[in-house]
Amino acid sequence: MGNANKIINGNGNKRVYDGDLYYPQDVGSMERTGHYVQFFINKQESSKIEFAGGSFSSAAVGRTSDVARDSGSNLSVKRAPTQRLAASIQLYMPNQISLQHGAKYAEEEINAVATNVMAAQGGGLSGTGQIIKDAVGDGIERGLERAKAGGSEAAADIRRGKVTNNRTEMKFEGIDRRSFSFDFKMIPKSENESNNIRNIVNLFRFHAMPEMDSFNGRTMIVPSTFDIKYMHKSGENDFLNKISTCVLESIDIKFGGDRTQFFKNNAPMATEISLKFKELEIITKERIAEGF
């Protein structure tokens, strides 16, 4: 390929481009395909099964522990070590790239007792005892009314023409992990591209799934993880957000276009692949400041 022989991956290891899988043929080298997405694969160090797809190189270039190489990681549990594969998958830049941050908030009901206590604390201790006594007494009185007869509280509210409004307040509860979806449609223009597409699809499928531990038939070795980079033929695109280490949650594949058609070598004339990734860590202000 004409692109990127000088590009170094996140571990400081020079890439092995002869083993890369890519679509289209000129991705990253021509002006029209100068922008692309690069997928690096981190297989579990305990993995024993190798991908047997064509010329793709599965040799590992170094050991890493997922996102541990990122000093700002907020993961609290050290994950099992992985090995970065020497080769990567390079696909054209999709028509649209989206990024969404989600914060979780909940409405909590604040009753009269809590409101009065907080008000008393804000204004000092004077009168606190009487406020609590009155609030508790009111609660006891209502409780006794409910004990006497079902619906007595509602009946009293109807007679008075008033109801008690326990106010609600918004409370921050946390943030969601970010998800990233990519959709690619690949139409081969040569037999070499057909083979690349087949290997790309199978490689994603292969590393998205677990494997059985040979020493224990009831134990699974977890799937590989992925590092995703937005690239340009001159290097990484720093205008776009970085993506932390991900797992591949789902992969959907469709063969054929409007109707299923095949080449003479039985390769489908079109292959569509939809990938959904989710980051292992949550992204806070510290990580956003680093470009994530």
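Residues numbered from 1 in each chain as written. Predicted model: local features only at pLDDT ≥ 70, side-chain atom pairs only at ≥ 80, totals over all residues. Heavy atoms only, no water.

K.L.:
What am I meant to see in the nonpolar core here?
P.N.:
Burial of nonpolar side chains together is a common tendency in soluble globular proteins. Counting residues in each nonpolar core, the largest one holds 30 residues, and the members touching the most others are Phe39, Ile89, Leu91, Phe182, Phe204, Leu275 and Phe277. Secondary structure elements with two or more residues in this core: strand 1 (21-23), strand 2 (35-44), strand 5 (89-92), strand 8 (179-186), helix 4 (191-208), strand 11 (225-232), strand 13 (246-255) and strand 14 (271-279). Counting residues per element, this core draws most heavily on helix 4, which supplies six residues. Beyond its immediate stretch of four places on either side in the chain, isoleucine 89 contacts Leu21, Val37, Gln38, Phe39, Ile41, Ile200, Leu203 and Phe204. (Core = buried A, V, L, I, M, F, W, Y, C linked by side-chain atoms within 4.5 Å. Buried < 20%, exposed > 50% of the residue type's maximum accessible area, 1.4 Å probe, protein only. Helix = DSSP H or I, 4+ residues; strand = E, 2+ residues; numbered from the N terminus. Contact = heavy atoms within 4.5 Å.)

K.L.:
Any chance you could explain the side chain of aspartate 20 here in plain terms?
P.N.:
Along the chain, the position of aspartate 20 falls in the segment before strand 1. Aspartate 20 gets classed as buried once you look at its relative accessible area, which sits at 4%. Within polar-contact distance, the side chain of aspartate 20 engages the backbone nitrogen of serine 88 at 2.7 Å. Within the local environment of aspartate 20, its side chain forms a polar contact with the side chain of glutamine 90, the two groups lying 2.9 Å apart. (Polar contact = N/O pair within 3.5 Å; in protein donor to acceptor, adjacent residues only side chain to side chain.)

K.L.:
I tried to follow helix 4 on my own but got confused; where do I start?
P.N.:
For helix 4, spanning 18 residues, the distance from its first C-alpha to its last is 26 Å, which sits close to the expected 26 Å at 1.5 Å a residue. Glu193, Ser194, Asn196, Ile197, Asn199, Ile200, Val201, Leu203, Phe204, His207 and Ala208 are the residues of helix 4 that are buried. (Expected span 1.5 Å × (residues − 1).)

K.L.:
Got a minute to help me understand the packing of aromatic side chains in this structure?
P.N.:
For any two aromatic rings, the description comes down to two numbers: the centre-to-centre distance and the angle of the planes. In this structure the tally under the stated criterion is twelve aromatic pairs. Ring plane angle 65 degrees and centroid distance 5.4 Å describe the contact between tyrosine 105 and phenylalanine 172, whose orientation is recorded as edge-to-face. Of this pair, tyrosine 105 sits in strand 6 (residues 103-110) while phenylalanine 172 sits in strand 7 (residues 167-175), placing them 67 residues apart in sequence. Of the residues examined, phenylalanine 172 reaches a relative accessible area of 48% and is grouped as partly exposed. Judged by centre distance (6.3 Å) and plane angle (5 degrees), the rings of phenylalanine 182 and phenylalanine 184 are stacked. One residue, arginine 287, lies across the ring of phenylalanine 292, its end atom 4.2 Å from the ring centre. (Phe/Tyr/Trp six-rings, centres within 6.5 Å; stacked < 30°, edge-to-face > 60°. Lys NZ or Arg CZ within 6 Å of the ring centre and 35° of its normal.)

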